[in-house]
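This is what each chain is made of:
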Amino acid sequence: MDGGNRGAAPSDALVLFGITGDLAHKKIFPALYALAKRGALDVPVVGVASSKWSLAQLRKRAEDGIRQSGGIDDRKALRRLLSQLRYVDGDYNDPGTFKALEQALGDARRPAYYLAIPPALFATVIQGLAARGIVDRARVIVEKPFGRDLASARALNRIARSAFPEDSIFRIDHFLAKEAIMNILYFRFANSFLEPIWNRNYVASVQVTLSEDFGVEERGAFYETAGCLRDVVQNHLFQIVALLAMEPPSYRGFGAVHGETADVFQAMRPLAPEDLVRGQYAGYRREPGVARNSDVETFCALRLFIDSWRWAGVPWYLRSGKCLAETASEVIVQLKPPPQRLFADSAPPRGGTNYLRFRLSPSSAVALAARVKRAGKEFVGDQRELYLVDEQPGEQAPYARLLGDAMAGNGALFTREDAVEAAWAVVDPVLTKHERARPYKRGSWGPREADALIAPDGRWHNPTLVDAPAD
């Protein structure tokens, strides 16, 4: 499928606001190193922060982040990257910071500004850049979450659009750049056998699970401002749903894909309190930075409906959480049973129904569950999986792919303004109007109320990390 704006001139500098932060250390420096190893980073990299660092400290921090991420196996690429680093120290509220940035950019006229900073500072930085007059022909890369509700997302979009045209605004959701996520789009539309059954007539329900077996770790203060619904469901899980539920694009281009996924968000029925179960793992309130009476959810399960011709009446069940039994991401598309049950053993719940399973992480696979007769005279059988392992060694890391695409002006893997706002409109009614978070044990699959939510349509399929066909 064709990419985004192929005719756009590439950026001639990369400016990283928040370069001394945790995101830069863990994700951005390793991504820049990966680009440098491929010879795809030949522009100045200007860091901006208020940490009172020297350039030598910044280079040491960058090398440490790269070493911790995966090691250093190309000293020449590392030296080249470190030599490209520049540093501007200053307060984002001070016009002098942006004057110093302009000087550090030198002859660069098409910079890409990456806002790896808290969302509360997005407006301050964008307005500072615009006031200095260094936004013409520039691009801005915005880290999620883009807003914390519909009103704030709209406000941020207005501010971003006041300084940059829409095709120069790159809203990052690193999940979209994962190979397994892109494979959903490919698998759906590169295979003809799916289309006849990919609708309300044959699909009984869809489940999407993104689970983590660890807690908030050192991010308690951040999590108190976000919670699972904002941090994971409204963006990551909704993006998976959009790729599964979208109509076929009308032409071979990501502009068409963006239009179809935005249509899915707009067709989603706004959530009601009874569609949502919130949970909080035992011990969360003792984490550093967490309020002693916190009601922030570390687990979220919801029932979603897409009011479109294709999906009317099909429930979509989404769940995500921390301190769960496994770290995994998986999709189950549950098919309806045959219209006539000719064999007694195939009737649910004993027999179960066919399903399609997408394993997204930690490994990548696609499986189709079908019933197969046992040997002998009896018409009894078992459900088996036809299992395709789809591991691709050496695949490009999401942040390296996204940074390279943004600097090239390719918006294929970034989210559009209308899609961001439509997704917030779905969750907006329950961001403040909801039941209290239910406690759950570490290492479990969340509160039992999540099982009651899905009970009318079956039960949750808990991801298993065994890379072999399941019975």
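Residues numbered from 1 in each chain as written. Predicted model: local features only at pLDDT ≥ 70, side-chain atom pairs only at ≥ 80, totals over all residues. Heavy atoms only, no water.

Colleague: It is not clear to me how the sheet that holds strand β8 (residues 276-281) should be interpreted in this structure. Could you clarify?
Modeller: Sheet strands pair via backbone hydrogen bonds, and the direction of the pair is either parallel or antiparallel. Strands sit in the order β14-β13-β12-β11-β7-β10-β9-β8-β15 across an open sheet of nine strands; the sheet is mixed. Of all the strands in the sheet, just β14 (381-389) and β15 (438-440) have a single pairing partner and so form its edges. The sheet shows a mean angle of 20° between the axes of neighbouring strands, taken without regard to direction. When β8 meets strand β9 (residues 299-305), the two strands line up antiparallel, connected through four bridges. In the sheet register, Gly279 faces β9, and the bridge partner there is Phe299. Docked against the sheet, helix α7 (residues 179-190) engages β12 (355-361) and β13 (365-373), running at close to 150° with respect to β12. (Pairing = 2+ DSSP bridges. Helix = DSSP H or I, 4+ residues; strand = E, 2+ residues; numbered from the N terminus. Axes fitted to C-alpha atoms, helices over the stretch in contact; angles between N-to-C directions. Contact = heavy atoms within 4.5 Å.)

Colleague: What's the story with the packing of aromatic side chains in this structure? I'm lost.
Modeller: Describing an aromatic ring pair means giving the distance of the ring centres and the angle of the ring planes. The tally for this structure, following the rule as stated, stands at twelve aromatic pairs. Considering the side-chain rings of Phe238 and Phe265, the 6.4 Å spacing of their centres and the 25° angle between planes classify their relative orientation as stacked. Placement of Phe238 in helix α9 (residues 228-245) and of Phe265 in helix α10 (residues 254-267) is noted, with a sequence separation of 27 residues between them. Under the relative-accessibility criterion, Phe238 is labelled buried at 0%. Judged by relative accessible area, which is 3%, Phe265 ranks as buried. By the ring-pair criterion, three or more aromatic residues cluster together here, those being Phe17, Tyr92, Phe98 and Tyr113. Its end group placed over the ring of Phe146, Arg171 keeps NZ or CZ at 5.1 Å from the ring centre. When the ring centre of Phe379 is taken as origin, the NZ or CZ atom of Lys373, which lies over that ring, is 5.9 Å away. (Phe/Tyr/Trp six-rings, centres within 6.5 Å; stacked < 30°, edge-to-face > 60°. Buried < 20%, exposed > 50% of the residue type's maximum accessible area, 1.4 Å probe, protein only. Lys NZ or Arg CZ within 6 Å of the ring centre and 35° of its normal.)

Colleague: Just to check I follow, could you spell out the packing of helix α2 (residues 55-70) against helix α3 (residues 75-84) for this structure?
Modeller: When two helices pack together, their arrangement is given by the angle between the helix axes and by the axis-to-axis distance. Between α2 and α3, the shortest axis-to-axis distance is 10 Å and the interhelical angle comes to 145°. The crossing of α2 and α3 is right-handed. Here Arg59, Ala62, Glu63, Ile66 and Arg67 of α2 come into contact with α3, specifically with Arg75, Leu78, Leu81, Leu82 and Ser83. Across the contact of α2 with α3, the residue classes tally to five nonpolar, one polar and four charged. (Left-handed = near helix turned anticlockwise from the far one by under 90°. Nonpolar A, V, L, I, M, F, W, Y, C, P; charged D, E, K, R; others polar.)

Colleague: Just to check I follow, could you spell out the confidence of the model for the protein chain for this structure?
Modeller: Caution applies to low-pLDDT parts of the model: their predicted coordinates are not meant to be read in detail. For the protein chain, per-residue confidence averages 89 on the pLDDT scale, and residues scoring 70 or more make up 94% of the total. A low-confidence stretch, residues 467-471 (pLDDT under 50), is modelled with eleven contacts involving residues beyond four sequence positions or located in other chains. (pLDDT = per-residue confidence, 0-100.)

Colleague: How should I be thinking about the sheet that holds strand β4 (residues 111-115) in this particular structure?
Modeller: Reading across the sheet, the six strands line up as β3-β2-β1-β4-β5-β6 and stay open at both edges, with parallel pairing between neighbours. The open sheet terminates on both sides in strands that have one partner only, identified here as β3 (85-89) and β6 (169-172). Sheet twist, expressed as the average angle between the axes of neighbouring strands with direction ignored, equals 20°. The sheet contact formed by strand β2 (residues 45-49) and β3 spans five bridges and is parallel. Looking across to β3, one finds that Val46 is bridged to Arg86.

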